Structures are given as structure tokens and as C-alpha cells.
Amino acid sequence: MPELQQLDPGHAPAVLAFEVANRAYFATSITDRGDDYFAEFDARFDALLAEQKAGVCAFHVLVDDDGSVVGRVNLVDFEDGAADLGYRVAQHVTGRGVATAAVREVCALAVDRYGLHTVRAAVSLRNIASQKVLVKAGFVAVGPADPANVGGQPGTWYRREISTTM
């Protein structure tokens, strides 16, 4: 199973390679990041690290045995003990429980490391795989998501209340 690591400057090349290699795959279920994302990758990556340092977000990567990044799992917009979850895994590791295990691990970190008690995720209705991951990781559907939260698509909000007794 890949190792979950907090994002650091040394991950930049592997994160970019992961995003490039999986771009077409991701676009089948979520909105494409667009060419500007890749053209401005270094500045965007540095901005993520700055947000993380400021304590308003926590970014993680799933690193395989060979050092490649095979997933990303992020907690963003910390506010009042809650944060929003975002995640993606490489096409070649889907269907193996990697995303579910990573989401569970980040939920444990959410309470233990970041002091959160609620994690939310908005998922498009067409992204069945992510809906299954969330349910397996203990999330429950709590209502419709504004299309602005899911790349212009209709979606659903999921939520997990967490505590130190997970």
C-alpha cells in the first residue's frame, strides 16, 4: 500500500508527473484542471505549501515504493473544526482500496494532527467511484451540492463526524 506523506517541496516533480500522466483519466469524472494549471504548476505548488504552512489546509500525497506519487488527499479550508476533503488516485491503482485507505488515514489525521471534528466532501453524481469511497470511509450523504462545488456538475455533499475514538 502506498505511504501517505504530507506534501513538501521535494514532492513537486512527482506530483506534476502524476497529474500529467492521469489528466485524461481524471477528466472522465471531474473537471479538467486546464492547460494553465500545468503551465503555472510551480507557482501553484508553492501556493499550496504556503497555505499549508499558514495552517488553513493540509495537503498529502500517496507515495509508492518507487517514489512515484499515485494519489493526493487534501483537507482544505479549515474553519470551526471542519474542513473539505479532496482526493484523486492514479488510474493504475484504482479498484484496490487505495483511495478508501487514504481517506480513512486522512480522517484520522484530521482529528489527531489538525484538531478537526468534521470532514466534508462534494462529489458529482456521475462520480460513482468517489461516492463508494466516501461511504466505505464512513461518510454519509447530507444533501445536494451546488454545482459550483463540483465543477459545474450536479452533486452531493457527504460528511463524516470524527473523534479520537474512531
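Not measured: the values here are computed from a predicted model. (Residues numbered from 1 in each chain as written. Predicted model: local features only at pLDDT ≥ 70, side-chain atom pairs only at ≥ 80, totals over all residues. Heavy atoms only, no water.)

Caption draft 1: Inspection of the nonpolar core at higher detail. Counting 49 residues, the largest nonpolar core has Leu-7, Leu-75, Leu-85, Val-103, Val-119, Leu-134 and Phe-139 as the members making the most contacts within it. It is helix 4 (residues 98-112) that contributes the most residues to this core, 9 residues altogether. Discounting chain neighbours no more than four positions away, the residues touching Leu-75 are Cys-57, Ala-58, Ala-83, Asp-84, Leu-85, Val-106, Ala-110, Tyr-114, Leu-116 and Val-119. (Core = buried A, V, L, I, M, F, W, Y, C linked by side-chain atoms within 4.5 Å. Buried < 20%, exposed > 50% of the residue type's maximum accessible area, 1.4 Å probe, protein only. Helix = DSSP H or I, 4+ residues; strand = E, 2+ residues; numbered from the N terminus. Contact = heavy atoms within 4.5 Å.)

Caption draft 2: Structural context of unusual backbone geometry. Positive phi outside glycine occurs at Asp-77, with the angle close to 60 degrees. Mapping Asp-77 onto the fold places it in strand 3 (residues 69-79). Judged by its relative accessible area of 46%, Asp-77 falls in the partly exposed class. Phi is positive for Asp-80, close to 50 degrees, though the residue is something other than glycine.

Caption draft 3: Summary view of the pairing of strand 2 (residues 58-63). Of all 6 residues making up strand 2, 6 are buried, and the element is well covered by its neighbours. Sheet topology note: the strand 1 (residues 3-6)/strand 2 ladder contains 4 bridges and is antiparallel. Across the sheet, the residue bridging to Gln-6 is His-60, located in strand 2. As paired elements, strand 2 and strand 3 share 6 bridges and run antiparallel to each other. The residue bridging Leu-62 from the neighbouring strand is Gly-71, located in strand 3. Two successive antiparallel strands, strand 2 and strand 3, enclose a turn made up of 5 residues, where Gly-67 displays a positive phi of approximately 90 degrees. (Pairing = 2+ DSSP bridges.)

Caption draft 4: Looking closely at the sheet that holds strand 6 (residues 140-145). Pairing is mixed across the open sheet formed by 7 strands, whose spatial order is 1-2-3-4-5-7-6. On the outer flanks of this sheet lie strand 1 and strand 6, each paired with one strand and no other. Taking each pair of neighbouring strands and ignoring which way they run, the sheet shows an average axis angle of 25 degrees. Contacting strand 4 (82-89), strand 5 (118-124) and strand 7 (155-161), helix 5 (residues 128-136) runs over the sheet at an angle of about 160 degrees to strand 5. (Axes fitted to C-alpha atoms, helices over the stretch in contact; angles between N-to-C directions.)

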